[in-house]
Amino acid sequence: RLREKMEEDKKRLIDMKININFGIKTGFNEAFIINEAIMNELITADTKNAQIIKRVLRGRDVQRYASNFSNFWIINSHNGVRQSNLPRINVIKDYPTIFHYFQQYQPQLEKRLDKGEHWSNLRNCAYLGEFEKPKILWGELSDAPKFSYDDKGFYPEATLFFMTGEKLKYLLAILNSKAGEWYFNQISTTSGMGTNRWKKYKIEQLPIPAAKPEQKAALEQLVDYMLWLKETQLAGSSPDLQLRIDYIDQIINGLVYELYFTESFKQSNMTLFEHLGDLPLLEEGAQEQIIGAVFQRLSHKEHPLRNNLFYLRTINEVKTIMEGLKSSKYTLETMLGTDYEETDHEN
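Just so you know, the residues in each chain are numbered from 1, in the order the chain's sequence is written. In view of the model being predicted, local features appear only for residues whose pLDDT reaches at least 70, and side-chain atom pairs are presented and counted only at 80 or more, with totals across whole chains, interfaces and linings using the full set of residues. Excluding hydrogens and water, the side-chain figures rest on all heavy atoms present in the structure.

Asker: Whenever I open this one, unusual backbone geometry confuses me. Can you help?
Answerer: With glycine set apart, most residues show a phi of negative sign, and most peptide bonds adopt trans. The phi dihedral of asparagine 71 is positive, around 60°, even though this residue is not glycine. The topology assignment puts asparagine 71 in the loop between strand 4 (53-57) and strand 5 (72-75). With a phi angle near 55°, lysine 167 is a residue other than glycine that sits in the positive phi range. For the purposes of this entry, the term helix denotes a DSSP run of H or I that reaches at least four residues, the term strand denotes a run of E that reaches at least two, and both are numbered from the N terminus. Within the fold, lysine 167 resides in the loop between strand 10 (160-165) and helix 7 (168-175). In this scheme, a residue with accessible area under 20% of its type's maximum is buried, one over 50% is exposed, and one in between is partly exposed, where area comes from a 1.4 Å probe on protein chains only. Since its relative accessible area comes to 38%, lysine 167 is described here as partly exposed.

In C-alpha cells:
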C-alpha cells in the first residue's frame, strides 16, 4: 500500500528528460586508464597529449553526493561519432608519443573484440558527447544509495552508470533519500551479498514527486550546500563539518518525505518547506559562512523545522519507511545534543 501511495499520480524517472548510459568501455583498462605519473610523462613528452587525456572516476571513487577523484586518467582515443561528423582520433599521426606508449600493449589491444577502426582506438560510443556534461553517477552494486553529482567533466569508467538531462540536482536529492532507498528495496534485485543491483531499468521506475518551483529551488539549494560540504570533507574532515552534513541530510530527507506524502504532513501539522526561510546562493569564498549561518538558524532548538524533523516518525508513512530501513531510532537527538524527552505521538 505504501509503495502504491508513492507511485500514485507521479511521473517515473523514465518519463523525465534524462538519458542513462554506461561509463566508457575500453576493453583493456591496463592500457587506457593511467595513473598520474604516466599522465605527467605523456604530457611532458608532448603537451598536445593533454587534449585526449581525461580525468576518470572508478566505481570505488563514487560516494554519496560527491566523488573522490583518485588521480586516474583515461586516454580518450575515441573512434569518432558518425552522427556528429566527429572523426576518429588518429593516434599514429596526431599523438605519436601516446601511440608509442600503446605499443607495449599492442597484442592485447589487437585481440579486443570491442576495438575501434584501429587497435589504438576505443570502441564506438554514440553518446561520447554526454561524458563532459553535468551528470549523476552511481555504481551497480551498493548496500545504500550512493548517487554522486559531477559538473567538472569527469569520465565514468565502465562499472558506473551516469545520467544526464534536466533537474539533476532535484533528482539527486530524491535518489539519495531514505524514501528513494526504501522504494528501491521493494523493486530491486540483490547480489546475494547484502547489496542491491542499481540497474538502469530499475532506476527508471522510481516515481518522481511533483514540486512547486519554490520547493524545487529549495531542494536544489540544499543539494548545493551538501555538495560543497562533501567536497570540502574529502579534502579534510572536521567534527563541525560532519554535523552540518548530517543535519542538512536530515532536512533533505524530510523534504523528500513531504513531497511524497504531502497530505499526511499537512494533517499532522508537520510541514517542513514553509519553515525553511531564506537559503542564500553560495558565493565563492563565502561558502562556509553562508552554510554555517543557515545551519545555526535551522538547528536552533526552538526552530519549528528542527522540532518537526525530530517528530517525523509520528507520520505513519515515514515510520514505516524508517522501520523498513531498520532506522527505528531517529538520530536527531543524538546528532544535535537535544534535551528532548521521548513522547508517544503515534497517530
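Asker: Would you mind showing me how to read the packing of aromatic side chains here?
Answerer: The geometry of two aromatic rings is summed up by the distance between their centres and the angle between their planes. Working definition: rings of Phe, Tyr and Trp (its six-membered ring) pair if their centres are within 6.5 Å, and the pair is stacked with planes under 30 degrees apart, edge-to-face with planes over 60 apart, and tilted otherwise. Per the counting criterion, the structure on display carries 17 aromatic pairs. For the ring pair phenylalanine 310 and tyrosine 311, a centre distance of 4.9 Å and an interplane angle of 90° mean the geometry is edge-to-face. Judged by relative accessible area, tyrosine 311 falls into the buried class, the value being 17%. A ring is scored as having a charge over it whenever the NZ atom of a lysine or the CZ atom of an arginine sits within 6 Å of its centre and within 35 degrees of its normal. The lysine or arginine in question, lysine 25, covers the ring of phenylalanine 22, its NZ or CZ lying 4.3 Å from the ring centre.

Asker: Can you walk me through helix 7 in this structure?
Answerer: Taken across its eight residues, helix 7 has seven buried, putting it largely inside the fold. Among the residues of helix 7, Leu168, Tyr170, Leu171, Leu172, Ala173, Ile174 and Leu175 are the ones counted as buried.

Asker: Quick question: what am I supposed to make of the packing of helix 7 against helix 11 (residues 239-260) here?
Answerer: Closest axis-to-axis distance for the helix 7/helix 11 pair is 9 Å, and the angle between their directions is 95°. By the angle between their axes, helix 7 is roughly perpendicular relative to helix 11. Contacts between helix 7 and helix 11 involve Tyr170, Ala173 and Ile174 from the first element and Ile252, Val256, Leu259 and Tyr260 from the second. In the scheme used here, Gly and all other residues not listed as nonpolar or charged are polar, with Ala, Val, Leu, Ile, Met, Phe, Trp, Tyr, Cys and Pro taken as nonpolar and Asp, Glu, Lys and Arg as charged. Among the residues making up the contact of helix 7 with helix 11, the classes are represented as seven nonpolar, no polar and no charged. Lines fitted to the C-alpha atoms define the axes, with helices restricted to the stretch that makes contact. Angles between their N-to-C directions range from 0 to 180 degrees. Throughout this description, any angle smaller than 35 degrees is read as roughly parallel, any larger than 145 degrees as roughly antiparallel, any in the 65 to 115 degree range as roughly perpendicular, and the remainder as oblique. Residue contacts are defined here by distance: any two heavy atoms, one from each residue, within 4.5 Å place the two residues in contact.

Asker: Any chance you could explain the sheet that holds strand 5 here in plain terms?
Answerer: Hydrogen bonding along the main chain pairs the strands of a sheet, whether they run parallel or antiparallel. In spatial order, the strands read 3-5-4-9; together these four strands make up an open sheet with mixed pairing. In this open sheet, the two edge strands, each paired with only one partner strand, are strand 3 (33-35) and strand 9 (155-156). In this analysis, strands are considered paired if DSSP registers two or more bridges between them. Judged from the three bridges that link them, strand 3 and strand 5 form a sheet pairing that is antiparallel. When the bridges of strand 5 are listed, isoleucine 34 appears paired with tryptophan 73. On top of the sheet, helix 3 (residues 36-45) reaches strand 3, strand 4 and strand 5; it is set at about 95° to strand 3, its chief contact.

Asker: Sorry, what's going on with the pattern of salt bridges here?
Answerer: Any two side chains of opposite charge can pair, on the condition that their charged atoms come close. The salt bridge definition used is simple: a Lys or Arg side-chain nitrogen within 4 Å of an Asp or Glu carboxyl oxygen. All told, the structure shown has 17 salt bridges when counted by the stated rule. Put simply, lysine 152 and aspartate 151 hold a salt bridge, and the shortest N to O gap is 3.7 Å. Accessibility expressed as a relative area gives 42% for lysine 152, which makes it partly exposed. Owing to a relative accessible area of 45%, aspartate 151 belongs among the partly exposed residues under this scheme.

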